[in-house]
Amino acid sequence: MKLKREFYQLPLQFDLERMQREIAQFSDSEWVPHHENFKGNSAIPLISVNGEFNNDFRGIMQPTSALLRCEYLQQVIASFGEVVGRTRLMKLDAGCEVPLHSDINYHWYKRVRVHIPITTTETVIFQCGDKRIHMAAGDCWIFDSWKFHKVENNSNQPRVHLVIDFAGSSRFWDMIEDIPENGLISGKLLNYQPKKQVKLRTEKNNYQIIMSPGEIELLVTDLITDVQLCHVSSESTKIQFYRLLRNFVSDWRELWLLYGEDQTGWPFFHRLRNEVLKNVSQFDKNIFITNGTSAVKTLAQLIIGPSMNVDLTSQQTSPSIVKPLNSPEPTKIGLTRNSPCHCGSGEKYKNCHGKLS
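Residues numbered from 1 in each chain as written. Predicted model: local features only at pLDDT ≥ 70, side-chain atom pairs only at ≥ 80, totals over all residues. Heavy atoms only, no water.

## Digging into the pairing of strand S13 (residues 159–166)
1) Next: Burial within S13 is extensive, with eight of its eight residues counted as buried.
2) Next: Side chains Arg159, His161, Val163 and Asp165 of S13 all project onto a buried face; the interleaved residues Val160, Leu162, Ile164 and Phe166 project onto the opposite face, where all are buried too.
3) Next: Looking at chain direction, strand S6 (residues 84–92) and S13 are connected through seven bridges and run antiparallel. Residue pairing across strands places Leu89 opposite Leu162, the latter belonging to S13.
4) Next: One ladder, built from seven bridges, connects strand S8 (residues 112–119) with S13; its direction is antiparallel. Counted as the bridge partner of His115 is Val163 from S13. (Buried < 20%, exposed > 50% of the residue type's maximum accessible area, 1.4 Å probe, protein only. Helix = DSSP H or I, 4+ residues; strand = E, 2+ residues; numbered from the N terminus. Pairing = 2+ DSSP bridges.)

What follows is the structure in structure tokens.
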């Protein structure tokens, strides 16, 4: 999410000793390597799609069996009072780093990542844009994930953060607005309360089967605004790019008014997505957003890919069941990577919606 500043330290503090005791129960085998195989990066899902051991963003978010073993971490997550999305313990091994990257996809566009360091040292450095800070153990931070950022663990010890994703209510953003530019208001300590039962509110609706034309238009307008602020490309090139995007919005709305989310319209929505990607590909090397990323890449990850999620219609979930921590990845009912795509394109899912999303 774009923020006004690179970093905000929240006026919250947590029982460090209790958090460290709870994460100490996990064995090395329970830490799963990063899905992109970043060296020394691993995680334990605490809230995930269907409470299963996965890295998914789309679907009903539920506590995992790992979180159910951590009484205080449940209290910490619940203390924000927010509707929570994907949440994990994230480990960075000694001498390793989280590579420089920017979060431009749909999930992160309107969500922040709350970082609560549990084990760390002063030589663990978080960089966002041109700012570099150390997040001290027991503190609480958010940062501008739209800008390029990375983490360096220059110590001889692993670093572990509790990382919570949510969009944030007005209560949360009012708190952020009150954080002064220089200095921090005193932090409130959340004490551990033995046997306290908490109620976690988790995301139930995070991706649409077919994205509404209103949201398509909002995202396209935001993307165009970002491109306008980047002065690398010529005005004539930008005008061509803008016209293609505005035509896409108009044609998407036309299809929506005719079909809505009805399955008969899926092939037409899919064809339109392919057409716009083909037409904008000519601009991949000469139109950029303010953080330096290709505007075409941003369009694909922020809008085109997430605009259709027809595979969600085939998922069967049981909210009362929490899968074991090391259970295998679930198979989506009626859908595999080699199945015909649900949209009716005639392509395999892995070469169609599976590729775009």
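## Quick notes on the side chain of Arg88
1) Next: Along the chain, Arg88 falls in strand S6.
2) Next: Put simply, Arg88 is tucked away with no salt bridge, and the nearest opposite charge, on Asp165, sits 6.1 Å away.
3) Next: Side chain to side chain, Arg88 and Asn55 meet in a polar contact 3.4 Å long.
4) Next: Apart from residues no more than four positions distant in its own chain, Arg88 is found in contact with Ala43, Ile44, Pro45, Leu46, Asn55, Arg113, His161, Leu162 and Val163. (Lys, Arg positive; Asp, Glu negative; His and termini not counted. Salt bridge = Lys/Arg side-chain N within 4 Å of Asp/Glu carboxyl O. Polar contact = N/O pair within 3.5 Å; in protein donor to acceptor, adjacent residues only side chain to side chain. Contact = heavy atoms within 4.5 Å.)

## Quick word on the pattern of salt bridges
1) Next: Under the definition given, this model contains 16 salt bridges.
2) Next: Glu22 serves as the salt-bridge partner of Arg18, at 3.1 Å between the closest nitrogen and oxygen. Placement of the pair is Arg18 and Glu22 together in helix H1 (residues 16–23), with a separation of four residues, close to one helical turn. The same class applies to Arg18 and to Glu22, which are both buried.
3) Next: As a salt-bridge pair, Glu203 and Arg111 come within 2.9 Å of each other at their nearest N and O atoms. A residue pair is termed long-range when its members are at least 10 positions apart, and Glu203 in the loop between strand S14 (188–190) and helix H6 (213–229) and Arg111 in the loop between helix H4 (106–109) and S8 qualify at 92 residues.
4) Next: Classification of Arg111 as buried rests on a relative accessible area of 10%.
5) Next: Put simply, Glu6, Asp130, Lys131 and Lys147 are held in one network by salt bridges that share partners.

Everything listed here is a matter of geometry and, on its own, says nothing about what the molecule does.
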